[in-house]
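Given next are the chains, with one letter for each unit.
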Amino acid sequence: MASTTVKTEASGKSRALDVLLKVLAYAVLVAMAAFFLVPFAWSLTTSLKTPDQVFQGNWIPDPVSFDAYRNVWEIVPYGRWFLNSLIYTAFVTVINIALATTAGYALARMRFPGRQVIFYAILGTLMIPVHVYLIPIYQMMSFLGLVDTYTSVILVQAAYTFGVFLMRQFFLEMPYELEEAAKVDGASRFRTFWQIMLPLARPALAALTIFSFLSAWNQFFWPFILLNSQEKFPLTVGLAAFRSQYDTQWEFLMAGSLLALLPTLLVFLVAQRQIIEGVSFTAVKG
Amino acid sequence: MSYGATSKSSSRPRRLKLLRPYLLVLPAAVFLGLFVYWPVVLVTFLSFFEWNMVSPQMTFVGLENFASRFADPAFYRLLFQSLLYIAIALLGNFLLPVGLAMLTLQLGGRCGDVYQSLIFTPTVVAVSVGALLWQYIYLPTGGLLNAFLGLFGVPGNNWLNDPATALGSIGVITAWKFMGFNYLIALAGLMAIPKEYLEAARVDGAAGWSFVRWVLIPLLMPTVLFVMLTAILQALPNAFVPIEILTRGGPNDASNNLLYATYQSAFQFFQIGKAGAEAVMLMLLLGGAAVWQFRILDRSLTYDR
């Protein structure tokens, strides 16, 4: 009843204002959509151009050429970089999952002296940007003789704070009766964890895997700091190095960039729901 | 089967049982200690010395590295430009995503889902690759931006090489790349508001702007604060890779900031003590802001309950 009075009270003037606001809102939405989409579309059309069209600023390639996609593998060690990216990502993701699951479980389900301190210490690492302490890390790695090795790049990424946090949040929300029941049935703590908790944590594990994959595949900073040899570069660092060497061959660079994006875009397309829910879950609950 | 497991576990020494949680936490804690906290101690130590990273000669200079920073006009310029980066982040990674979240929530349905994916797409892209995509947009000849401006007769620019536009051009890239994450957080916060509150407000006649101003914003306060402080804290770290790939802080330091300058002091000029002092100051600034963020969040959340 109250709402009808308000509606009749609303004069034509304020209704016109509302319509104007709505039109404005849609204009903003469309402009922002273009902002997010254009860099991808522009690099896609560029990657299909012949070298002579690259500096003409045209949207539609004419003629269309797939040479960039064919040749990028020969101009630079693109295949090697792709393989390196896979190697780094595989190792980092597996280690991330192992460490985040065990730590997250203990922090959520076990009581022990120092638990809170350890939790806040782990959370605290999020507050310090990596750039601040890269000098000592570089020195540690060079002291250990690990500069310019696969090992160094994998080791610095081993512990994934966001992952620990995600798993802890998830385990916190599981009902305690489950563990009690398992205990009554005589299952050991390890078996409870392995056979009851982990299978139930499958959605969280899926989210953890995806986030860890994205973070490792997109990693630029550590390989850039720690590696010198081209043949050990992942795609992110390789492409940036390629850019400074072949500054004018934009069709190759864009083809190479789009190929590098493909795995993450595919993962995003397939696992969109888990990604979006994972971000929301940790942000709102945390 | 389960009988066997019981007898096995009860025969284990009690001490091992007490150690178990520590064994589970240890791997993650050791790595984070080794690669975060120990380096923080080391970098603080180094800030009291003068050293070039290779020579065995390390000279203790006390607080000299800090004092010389405050005496250097270039330091204040870096500080000012850092604030510019933060201002851009407040616009691009706070106001815009929060506003967009409010707008798209009203879109709803299929359209809202598609839009959500669109905004989030740059987030899954490597920031280094994103920087490369944008370099080709900013290119003086053949770049999309100049071609677009040419349609309206506006003269083009060498965006990344012009001291007046370099910082802003980097800022746009960080907005593009990092908006999606904050957008999702804002959206999640919005959707977590109990529907009854919103309906009650509508029944009471709140609509349009007054609905946003007096209902949505107060209810969203904890989320809004969280997104705002994240945007501030991440402004400089987020700009690092685009700066490194596209401008290296130039031209003439026009796109430089405190965080990138710290990296330069260490890895371009090999002034480890200076870099250490800069790192310590950065850590205090950002760490302090982060602690402040947690306290505000804590308070607003308890207030909410």
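Residues numbered from 1 in each chain as written. Chains lettered and ligands numbered in written order. Predicted model: local features only at pLDDT ≥ 70, side-chain atom pairs only at ≥ 80, totals over all residues. Heavy atoms only, no water.

1. A closer look at the overall build of chain A
Assigned secondary structure in chain A consists of 14 helices and zero strands. Traced from its N-terminal end to its C-terminal end, chain A shows the element sequence α-α-α-α-α-α-α-α-α-α-α-α-α-α. For chain A, the C-alpha radius of gyration of 25 Å lies well beyond 19 Å, the compact-globule estimate for 286 residues. Projected onto its principal axes, the C-alpha positions of chain A cover 75 × 75 × 35 Å. Expressed as a percentage of the 286 residues in chain A, the buried residues total 53%. A sequence separation of at least 24 residues applies to 74% of the contacts in chain A between residues at least 6 apart. Looking at chain A as shown, the accessible area adds up to about 13,400 Å², and 68% of this sits on carbon and sulfur atoms. Distance from the positive charge centre (19 side chains) to the negative charge centre (16 side chains) of chain A: 11 Å. (Helix = DSSP H or I, 4+ residues; strand = E, 2+ residues; numbered from the N terminus. Rg over C-alpha atoms; globule rule 2.2 N^0.38 Å. Buried < 20%, exposed > 50% of the residue type's maximum accessible area, 1.4 Å probe, protein only. Contact = heavy atoms within 4.5 Å. Areas by Shrake-Rupley, 256 points an atom, 1.4 Å probe, with all protein chains shown as cover. Lys, Arg positive; Asp, Glu negative; His and termini not counted. Charge placed at Lys NZ, Arg CZ, Asp CG, Glu CD.)

2. Topic: the overall build of chain B
Of the regular secondary structure elements, chain B holds twelve helices and two strands. Overall, chain B shows an N-to-C arrangement of helices and strands of α-α-β-β-α-α-α-α-α-α-α-α-α-α. A compact globule built from 305 residues should have a C-alpha radius of gyration of about 19 Å, whereas chain B, at 25 Å, is more than 25% larger. Projecting the C-alpha coordinates of chain B onto the three principal axes gives extents of approximately 80 × 70 × 40 Å.

3. Brief notes about the pattern of salt bridges
All names here are of chain A. What the rule picks out here adds up to five salt bridges over all chains. Where D148 meets K232, a salt bridge forms, and the shortest distance between an N and an O atom there is 3.7 Å. Taken together, the residues span a long stretch of sequence, with D148 in the loop between helix 6 (134-143) and helix 7 (150-156) and K232 in the loop between helix 12 (221-226) and helix 13 (235-245) at a distance of 84 residues. The class for D148 is buried, based on a relative accessible area of 14%. (Salt bridge = Lys/Arg side-chain N within 4 Å of Asp/Glu carboxyl O.)

4. So, the interface of chain A and chain B
Often the size quoted for an interface is simply the accessible area lost on bringing the parts together. Taken together, the contact pairs 90 residues of chain A with 88 residues of chain B. For the pair chain A and chain B, the summed buried area comes to about 7,900 Å², and 81% of that belongs to carbon and sulfur atoms. The largest per-residue losses of area from chain A upon contact with chain B belong to F36(A), M127(A) and I135(A), which jointly make up 9% of the total buried on that side. Seen at the junction of chain A and chain B, the total is 13 residue pairs in polar contact (both at pLDDT 80 or more). Among the elements that make up the side of chain A that touches chain B, the one with the highest residue count is helix 2 (residues 12-47) of chain A (16 residues). For the side of chain A that touches chain B, the class distribution of residues is 66 nonpolar, 19 polar and five charged. (Buried area = accessible area lost by both parts, 1.4 Å probe. Polar contact = N/O pair within 3.5 Å; in protein donor to acceptor, adjacent residues only side chain to side chain. Nonpolar A, V, L, I, M, F, W, Y, C, P; charged D, E, K, R; others polar.)

5. Some remarks on helix 3 (residues 64-71) of chain B
Burial in helix 3 of chain B covers these residues: N65(B), F66(B) and R69(B). Down the axis of helix 3 of chain B, the buried set is contained in an arc of 100 degrees. They therefore lie on one face. (Arc of directions from axis to C-beta.)

6. Overview of the environment of A254(B)
All names here are of chain B. Along the polypeptide, A254 turns up in the loop between helix 10 (208-247) and helix 11 (258-267). Along the primary structure A254 and R77 are separated by 177 residues, whereas in three dimensions their C-alpha atoms are 9.2 Å apart. With residues near it in sequence (within four places) discarded, A254 still touches R77, Q81, P163, L167 and G249.

7. What about the UniProt feature "transmembrane region" (unreviewed entry) in chain A?
All names here are of chain A. Following the UniProt record, the feature "transmembrane region" (unreviewed entry) maps to residues 23-42, 86-108, 117-138, 150-171, 192-217 and 252-271 here. Secondary structure within residues 150-171 divides into 82% helix and 0% strand; the distance between the first and last C-alpha atoms comes to 33 Å. Along residues 252-271, the helical share is 100% and the strand share 0%, with 29 Å between the first and last C-alpha atoms. (UniProt positions renumbered as here; feature names shortened; annotations may be inferred.)

8. Observations concerning the side chain of Q81(B)
Residue and element names in this part refer to chain B. Structurally, Q81 can be placed in helix 4 (residues 73-107). Residue class for Q81 comes out buried when judged on its relative accessible area of 6%. With sequence-adjacent residues up to four places away left out, Q81 is seen in contact with L167, D253, A254, S255 and N256.

9. As for the UniProt feature "transmembrane region" (unreviewed entry) in chain B
Residues and elements named next belong to chain B. Following the UniProt record, one finds the feature "transmembrane region" (unreviewed entry) at residues 21-49, 83-105, 117-137, 166-193, 214-236 and 279-297. Along residues 21-49, the helical share is 90% and the strand share 3%, with 40 Å between the first and last C-alpha atoms. Counted over residues 214-236, helix gives 100% and strand 0%. Its end C-alpha atoms are 33 Å apart.

10. Examining unusual backbone geometry
In this structure, P63(A) follows D62(A) across a cis peptide bond, with omega equal to 0 degrees. Locating P63(A) in the fold gives a position in the loop between helix 2 and helix 3 (67-75). With an omega of -5 degrees, the peptide bond running from G250(B) to P251(B) counts as cis. Residues other than glycine seldom take positive phi values, yet D148(A) does so here, at roughly 65 degrees. Phi at R248(B) takes a positive value of approximately 50 degrees, unusual for a residue other than glycine.

11. Re the domain arrangement of chain A
All names here are of chain A. For chain A, the domain assignment lists domain 1 (2-67) and domain 2 (76-285). Distance between the C-alpha centres of domain 1 and domain 2: 34 Å. Between domain 1 and domain 2, the residue contacts involve ten residues of the former and eight residues of the latter. Interface of domain 1 and domain 2: buried area, both sides summed, is about 730 Å²; carbon and sulfur atoms make up 81% of it. (Domains from an automatic or database assignment.)

12. Details of a nonpolar patch on the surface
A cluster of nonpolar side chains, namely L16(B), L19(B), L23(B), L26(B) and V30(B), defines an oily patch on the protein surface of about 430 Å² accessible area. Note that L23(B) resides in helix 2 (residues 14-46). (Patch = residues over 30% accessible without salt bridge, like charges linked within 9 Å, V, L, I, M, F, W, Y side chains within 5 Å.)

13. Considerations on the packing of aromatic side chains
According to the stated counting rule, one finds 37 aromatic pairs over all chains in the structure shown. Both rings, one in F221(A) and one in F240(B), keep their centres 5.2 Å apart while their planes meet at 75 degrees; by these two values the pair is edge-to-face. Of this pair, F221(A) sits in helix 12 while F240(B) sits in helix 10, which puts the two residues in different chains. The same class applies to F221(A) and to F240(B), which are both buried. (Phe/Tyr/Trp six-rings, centres within 6.5 Å; stacked < 30°, edge-to-face > 60°.)

14. Considering helix 8 (residues 161-172) of chain A
Residue and element names in this part refer to chain A. Helix length check: helix 8 (twelve residues) gives 16 Å between terminal C-alpha atoms against 16 Å at 1.5 Å per residue, within 8%. Among the twelve residues of helix 8, ten are classified as buried, and the element is accordingly described as predominantly covered. Those residues of helix 8 not exposed but buried are T161, F162, G163, V164, F165, L166, M167, R168, Q169 and F171. (Expected span 1.5 Å × (residues − 1).)

15. Comments concerning the confidence of the model for chain B
Chain-level pLDDT for chain B is 84 on average; 91% of the residues reach the 70-or-more range. Highest mean pLDDT in chain B belongs to helix 6 (residues 127-138) of chain B (92); lowest belongs to helix 1 (residues 2-11) of chain B (44). (pLDDT = per-residue confidence, 0-100.)

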